[in-house]
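# Observations on chain architecture
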There are 4 protein chains.
Amino acid sequence: MSRLLEKHGIQVGRMTPGATNSITDVDGVMVGHTTLIEGENVRTGATAIVPHSGNLFHEKVKAGALTINGFGKAVGLPQINEFGMIETPILLTNTLNVGKVSDALISWVLPHYQRPDCSITSLNPIVAECNDSYLNDIQGRHVEKEHVFHALDTVSADPVAEGVVGAGTGVSAFEFKSGIGSASRIVRLDGENYTVGVLSLPNFGRREELVIKGVPIGRELRDYEREPHDGEEGSIVIVIATDLPLSHRQLVRIAKRASFGIARTGGICHNGSGEFVISFTTANKVPHDPKRIFLEERRLNDAHSVINAVFQATIEAVEESILSALFSAETMVGIDGHRRGALPIPEVLSFLKASGHSYS
Amino acid sequence: MSRLLEKHGIQVGRMTPGATNSITDVDGVMVGHTTLIEGENVRTGATAIVPHSGNLFHEKVKAGALTINGFGKAVGLPQINEFGMIETPILLTNTLNVGKVSDALISWVLPHYQRPDCSITSLNPIVAECNDSYLNDIQGRHVEKEHVFHALDTVSADPVAEGVVGAGTGVSAFEFKSGIGSASRIVRLDGENYTVGVLSLPNFGRREELVIKGVPIGRELRDYEREPHDGEEGSIVIVIATDLPLSHRQLVRIAKRASFGIARTGGICHNGSGEFVISFTTANKVPHDPKRIFLEERRLNDAHSVINAVFQATIEAVEESILSALFSAETMVGIDGHRRGALPIPEVLSFLKASGHSYS
Amino acid sequence: MSRLLEKHGIQVGRMTPGATNSITDVDGVMVGHTTLIEGENVRTGATAIVPHSGNLFHEKVKAGALTINGFGKAVGLPQINEFGMIETPILLTNTLNVGKVSDALISWVLPHYQRPDCSITSLNPIVAECNDSYLNDIQGRHVEKEHVFHALDTVSADPVAEGVVGAGTGVSAFEFKSGIGSASRIVRLDGENYTVGVLSLPNFGRREELVIKGVPIGRELRDYEREPHDGEEGSIVIVIATDLPLSHRQLVRIAKRASFGIARTGGICHNGSGEFVISFTTANKVPHDPKRIFLEERRLNDAHSVINAVFQATIEAVEESILSALFSAETMVGIDGHRRGALPIPEVLSFLKASGHSYS
Amino acid sequence: MSRLLEKHGIQVGRMTPGATNSITDVDGVMVGHTTLIEGENVRTGATAIVPHSGNLFHEKVKAGALTINGFGKAVGLPQINEFGMIETPILLTNTLNVGKVSDALISWVLPHYQRPDCSITSLNPIVAECNDSYLNDIQGRHVEKEHVFHALDTVSADPVAEGVVGAGTGVSAFEFKSGIGSASRIVRLDGENYTVGVLSLPNFGRREELVIKGVPIGRELRDYEREPHDGEEGSIVIVIATDLPLSHRQLVRIAKRASFGIARTGGICHNGSGEFVISFTTANKVPHDPKRIFLEERRLNDAHSVINAVFQATIEAVEESILSALFSAETMVGIDGHRRGALPIPEVLSFLKASGHSYS
């Protein structure tokens, strides 16, 4: 969880995080990981995000999807935007493993969500990916069905494990080791607290681009334990969860703000970056039930500016989740002896301290 | 109204039309026209569609917009799709008059919708257009502020006047005289009747493309009173109104079905065609009121296939509105002595009769 | 091939077909099928479309992708539209088999396209699907890696086998047996002949919707050997190939015209229909080569209306490919004893003949 | 020009600016302003950007358009993205003046670009806007035809006048006085220098959001001469010009990077912000000439990562143009006695100096 940043006195943005500063602060959301580190070449995994603990196929969640830069292989996005819903868990894995993982996701959904009176003959699995080929034998497609099942079967509402876990096992950002990151923010509206939670898988950025709280840390650390350039440009997958009652259109609007969070860490959205955002709300679940012709729903009024607080929460949580992935990840050696060093936290803290504006 | 088709025994599609087979069958919707026929060169006008008779700025209607082929100058579309709403009447006019008409629309809205406690400093006028330059002195931009005011001040819930009126004054389709057309269909859901109404401004198509109820009438009439080719490719604007409670996403979905109605008349969506669709619902009006943070709304459940009836209704009403514009329009002579002949109804009826399948 | 339609004297549209009236009339394009008919429950398959016989990863083809109605699980579309290119063959299969097939496609591409000096660590497989669950045990996901390899290894430039083959093995349209269909049209520009070819997999439509050459055949055959309604709404995948030098933007523009071809057969784009279009050109192949910073390309000028002929060709070829799938498919019995009867051609011909306008 | 930033030792980004650090560094591009400051209430104007000095209707420039947040009234965007071209100058003005200005733009284009043998009956004027109602009598729509003509008739290739000029006369950003800003960057490719130039009209942001070179200046100046909140959320229009040979798809890709430049200044893209980006290239002009069926074009190969330098250049130029607007603008008093203070440059410099990382 992003408490590592807090522990170091680093506060990102000005809004209040949720109880654990993690996507699981959104009530009902659960996350599970399978981490594969085997021999010298296998450095990969799978991460499952489950929007709620019920029967997701029969109680779908409203969702939106956005492609920032489409050099990526995410599956399931067109149907999200046609129907504004998600009906399976969201899986993250490596680029070449998407086919296997989406097939495994179907294998998991059928026995878990199918009811005797309703055969599932159509299903829209959601899988997104990052390229971990610098450390991992990506062509081996080592994430097998049992690994997907393990991630799904071990999901929990605990604070998300961050860093070198799950789909984050082999990824890098700003030429430092990266991994899974998460954060959350509280939005108070009409006397109630709502939560925006983010889980991200940052795998992008040149060293010199990294910015932390406005300080050009990447430039300062330009030559710090830097390996020869690997030619890959990386990607980022961002999953946004909330319990705010938002429509599909509004969920796409908050997804659009993810770019602003990426930009705050110095990202420029490279040519070869697959940047995808999936947002969903646990409010107003939609029954898979042909008898209900009309639905009664409550939704945020965005005719006026109250939604700005949701945008701000999203941007801050995206920014913090990226930084948290970097702070949590440890140095790793993988395929072909490639080494990806962790962010040197003491040096970072020192540069932050040297900047005139307080980082706490 | 499309009763002209009915009078000739032509039934379009298989669903039941509303009481007047016109967009004004949707409760609250009103239409007004200003028709400009002056001297030998002025053949143009303006048509106003008002979603409801209240204060539209303060009680906005949910809306969607779609560009089929973007060779057109419609204004106001980006904001429709960002906020999913319309806050002014919709005006139709000729291509080069859009600027003047959108300015006049602002001039009309300010005194009509502004309240003492709420100054209007931002407003999104909706104006779409067709090119009437074959018959009209389009560079003259003859639609002035008073003409826009007249169309707005004379709107009525009566069956829509069709043919050579308003923005339809100078347009052509399939190289016959065209104009304004309208139609409606009833959709019965959950024991209630709802209405889908369409108003269209068809200004597209080569003669040989015209199809009526599957019969290639255009091919049969290929050389009927045909003038030398004028080089313009035309456009179509389609406005869809309903009282069904649909979300923005669903309103865009029904807008997408307009293409299928156009195709049934033989249209192929030429390169130089500005094909725009604007859809709105009078259900779930959205108050311009910052105090309402959440809204309670009822909406159609499109997780299952009941929405197909709405799609079918849209397609049939679009098809019929185009044919109705053709059947209603009378021969006109305009600028440079250009003549555009009306569809020869007796010949059309004769071809329809000769086809093996009944047209009634 | 669509010669079956020609044999019956049915001419679709007014443009001239290519030599075999098949997508393979586009020079270089090859198609292969694997047809799986086993026991009583397996009625499915895979179809591979290969844009050219060279190394497709290293000589990518320009492409566009369009979602008409996104109830579908096609993979690879976001990257097509970001980079405007395809780098793998296109595979068609059943809905739940997409994961397996996309993984198998990677397994086929790696040994075929990888060069010693260029490791493939990122790859965008293109797979689209239709739902064949009325006749097929779709949950069984019976299309295995070897079936994908077989389709890819047996591609040929011969006229496309149509009807009950490949991914078309288990599909239905208008509640008749459907399958694979193909057609082509010649476009003459600047003294040269160019070809637009289409392969489609039509799996959509209620019986009463079917229209052939404007004649409401489906209404006439409403009760012909009709089985109880199966609840599925179907889909259609359309692949458009051409040798015309078109840009990405132009390839998306022609993809948009596919709707008009679907509409001519009576399709209305149902709620639960996955309607995807993928278009590509074999002109202006793009090398996977970082040394070429600028490319010299020739492209069609669409500032004027010559592109209309390409739109017309696309619409006609889409329409004919759908009809050809119906005319070519034979009655099939599958899972749970479900039976899907073939289109009764003599009856259809008789209705066409009875219509006043000639169908030849 | 952004030399004001340079004068103060502030370097934005790491790439080299063009000769004048202004959009007019792109060869051929010209800019003109009409500034309206009359009495106590009129604080508005118009800015014209002309892509080249020739006949723009007959030598169109390739272009792309992007809506970041569509609360805005820009006109002309759908056609830009259908045809990938611009055929008129781009005009910027205030929100309620768009209709008048687009009509005036037509009035200017007709006599300037129409040729005897080619009557202009269709024209796509491009106008974008910001809301200057805090200082200006926006309902008065004071920008008249003659003001548009003056801006167009006085365009020049000189370094762009910045700050309180043209459409920037009445705008604010981060609750400081803003205006017109411009910047440029050199991209060296294949041994040649190309230029990316930006002109922006920033009118967005809460005080506390402002960030300059990573330093949270807005938080430091939270209470500096702050007037009561005015309730408007503002907008930004960004015009990107280049001489790089880019396709429509690529021009949209660079437009997408504008968000990252906005984010670097602290922008979060508020709910009520109209954020529009228009990009064009002066390379590969497209003749308005039906005789040319095919065009020969050179374009950047973005199959690999050379385009990243263009993205970086765009982001830096957008960021700098926004800051330059702030640095150039002077305090203004307008309607209802509203006062908008200029950015206090000495204080800003002092905060930048106090930050540990050098700002020079």
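Presented here is a report on the structure given in the accompanying data block. (Residues numbered from 1 in each chain as written. Chains lettered and ligands numbered in written order. Predicted model: local features only at pLDDT ≥ 70, side-chain atom pairs only at ≥ 80, totals over all residues. Heavy atoms only, no water.)

## Some points on the packing of aromatic side chains
Under the counting rule described, the total for this entry stands at 16 aromatic pairs over all chains. With 5.1 Å between their ring centres and 75° between their planes, B:Phe71 and D:Phe83 make a pair best called edge-to-face. You can see B:Phe71 sitting in the loop between strand 3 (59–70) and helix 2 (77–83) and its partner D:Phe83 sitting in helix 2 (residues 77–83), one on each of two chains. The ring of C:Phe57 has C:Lys60 lying over it, and the distance from NZ or CZ to the ring centre is 3.9 Å. (Phe/Tyr/Trp six-rings, centres within 6.5 Å; stacked < 30°, edge-to-face > 60°. Helix = DSSP H or I, 4+ residues; strand = E, 2+ residues; numbered from the N terminus. Lys NZ or Arg CZ within 6 Å of the ring centre and 35° of its normal.)

## Topic: the relation of the copies chain C and chain B
Here chain C sits on chain B after a turn of 180° about the axis and a move of 0.0 Å along it, with an RMSD of 0.0 Å. What we have between these two chains is a two-fold relation. Proximity to the rotation axis, assessed at the C-alpha, singles out C:Gly214 in chain C; its C-alpha lies 1.8 Å from the axis. When you check the interface residues of chain C against chain B, 100% turn up at the interface there too, and the contact is symmetric in its surfaces. (Least-squares fit on C-alpha atoms with pLDDT ≥ 70 in both. Contact = heavy atoms within 4.5 Å.)

## Focus on the pattern of salt bridges
A complete count under the given rule lists 72 salt bridges over all chains for this structure. With a shortest N-O distance of 2.7 Å, A:Lys62 and A:Glu297 are connected by a salt bridge. One end of the pair, A:Lys62, is in strand 3 (residues 59–70); the other, A:Glu297, is in strand 13 (residues 294–300), with 235 residues separating them in the sequence. Note on A:Lys62: relative accessible area 7%, which makes it buried. Salt-bridge contacts for B:Glu320 lead to B:Arg185; the nearest nitrogen and oxygen are separated by 2.6 Å. With B:Glu320 in helix 8 (residues 307–328) and B:Arg185 in strand 9 (residues 181–189), this residue pair connects regions lying 135 residues apart in the sequence. Judged by its relative accessible area of 0%, B:Arg185 falls in the buried class. (Salt bridge = Lys/Arg side-chain N within 4 Å of Asp/Glu carboxyl O. Buried < 20%, exposed > 50% of the residue type's maximum accessible area, 1.4 Å probe, protein only.)

## A short note on the relation of the copies chain A and chain C
Least-squares fitting of chain A to chain C yields an RMSD of 0.0 Å, with the superposition described by an axial translation of 0.0 Å and a rotation of 180°. In this assembly the copies share their binding face: 100% of the residues contributing to the interface of chain A also contribute to that of chain C.

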